[in-house]
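Tertiary structure, described
Here are the chains, one letter per residue:
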Amino acid sequence: MATGYGALALYVPTVIAPLLLAEFGWSKADFALVSALGISASLCMPFVGRLTDVLGVRGTALIGLIGLPVAFLAYAMMTGPIWQYVVIYVIQTVLCITTTATVYSRIPVQYIQRARGFALAIVASGPALTGAIGSPILNAFVENHGWRAGFYAMAAFCAVSAVITLLLLPSEKRPAGTPRPRRRAREDYPAIFRTHAFWILIGAMLLCNLPQIIALSQLKLILLDNGVTPRGAAVMLSSFAMGTLAGRFLAGLALDRFPAHVVGLVCMGLPSVGLVILASPFDAPTVLTLAVLCIGFSFGAEGDIAAYIVSRKFPVAVFSSVMGLVTMAMSASSASGAALLSFTLTATGGFNLFMAISAAAVFAGSMMFLLLADRHQAGAFDGAGR
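Just so we're clear, the structure is a prediction, and the values are computed from it rather than from any experiment. (Residues numbered from 1 in each chain as written. Predicted model: local features only at pLDDT ≥ 70, side-chain atom pairs only at ≥ 80, totals over all residues. Heavy atoms only, no water.)

Another aspect to go through is a nonpolar patch on the surface. On the surface, Ile63, Trp83, Val87, Ile91, Val94 and Leu95 cluster together into a nonpolar patch covering about 510 Å² of accessible area. Within the secondary structure, isoleucine 91 sits in helix H4 (residues 82-96). Using a relative accessible area of 47% as the deciding quantity, one classes isoleucine 91 as partly exposed. (Patch = residues over 30% accessible without salt bridge, like charges linked within 9 Å, V, L, I, M, F, W, Y side chains within 5 Å. Areas by Shrake-Rupley, 256 points an atom, 1.4 Å probe, with all protein chains shown as cover. Salt bridge = Lys/Arg side-chain N within 4 Å of Asp/Glu carboxyl O. Helix = DSSP H or I, 4+ residues; strand = E, 2+ residues; numbered from the N terminus. Buried < 20%, exposed > 50% of the residue type's maximum accessible area, 1.4 Å probe, protein only.)

Here it is, written out as structure tokens:
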């Protein structure tokens, strides 16, 4: 996870983008628009999840492990037109999302039982590790050697890490000489769609991820609107990072010790508290920091909770197929939230209406986790390979 697309796509463009804009004269608006093409990743997630259940983690991840160094080599050979960056970006996104959580989370789900929640938290922390350690190193290297050398270095890094990843990935659990069981989509997907837990989880994630745009790009602006100084906002944003890290590991530990629907209710419901505080007239620094911490905690916990619940409600044989669909729903909710925010900002000129709507949606979504209490484990799934 630390050397996969989810980590590298987040930090590498951030480091190298200023140099590309300066050398080729690309506008910031055009470059920002390229990121919108990342929607192709969410559209491909169900296919990637299905591929993982059919080919296994190694076979699916191999596509992205080969694609990552090739893509960085292609970036290094760009000559100027922004369409070159766009083409490489789209191809890299489509092929290399096979090295993200939808694929790799299957390993702890398949091999770990008693501490599965904590194992998922450790796996999910990989990209943060890259940001904390790798991003400063790459930034210093690019400043000294240029952006082309940076892309060549990333290609070499990805090639080496691909070999290490393939060596570390465990082999499939099946007797020697036994072929992989054939999975039929026409049997599995109808069974998935007949499972009540699937629709409850999809509904909960659609509602709970509506305000994700705030965590991704709008939080500082909201704090400034609340009268916080730029320096104070920077300090409060550090509490978001701490909340994310705490949410990831505390949720993982809690999932191993308490009912998943209770953990989901508490962790996914926290942003409703934070959003109400941000929309209220209470703007004391301590209160606003608490609000930011609540949003960050949930942001870190949601991946663990979704993967854990899927692993308990569905057999391993269809885990990635279900996770692909859940991930797509989460991305769709985030995109819908961005559109809603744009509409409410245009209509009111402020964030309060959006935060009120989002707080209500998050509260309703978190309450939906209680509906999972009476549907135990994978027994609710009635399909091939159960």
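Next, the rest of the story.
Let us look at the packing of helix H1 (residues 5-24) against helix H9 (residues 147-168). Two numbers describe how H1 lies on H9: the axes approach to 10 Å, and their chain directions differ by 155 degrees. In this view, H1 runs roughly antiparallel relative to H9, as classed from their interaxial angle. For the element pair H1 and H9, the recorded crossing hand is left-handed. Counted together, Leu8, Val12, Ile16, Leu19, Leu20, Glu23 and Phe24 of H1 and Trp147, Arg148, Phe151, Met154 and Cys158 of H9 form the full contact between these two elements. Its residues assigned to classes, the contact of H1 with H9 shows 10 nonpolar, no polar and 2 charged. (Axes fitted to C-alpha atoms, helices over the stretch in contact; angles between N-to-C directions. Parallel < 35°, antiparallel > 145°, perpendicular 65-115°, else oblique. Left-handed = near helix turned anticlockwise from the far one by under 90°. Contact = heavy atoms within 4.5 Å. Nonpolar A, V, L, I, M, F, W, Y, C, P; charged D, E, K, R; others polar.)

Mean pLDDT for the protein: 85, with 91% of residues reaching 70 or above. Taken together, the stretch residues 375-379 has pLDDT below 50 and engages in 11 contacts with residues farther than four places along the chain or on a different chain. (pLDDT = per-residue confidence, 0-100.)

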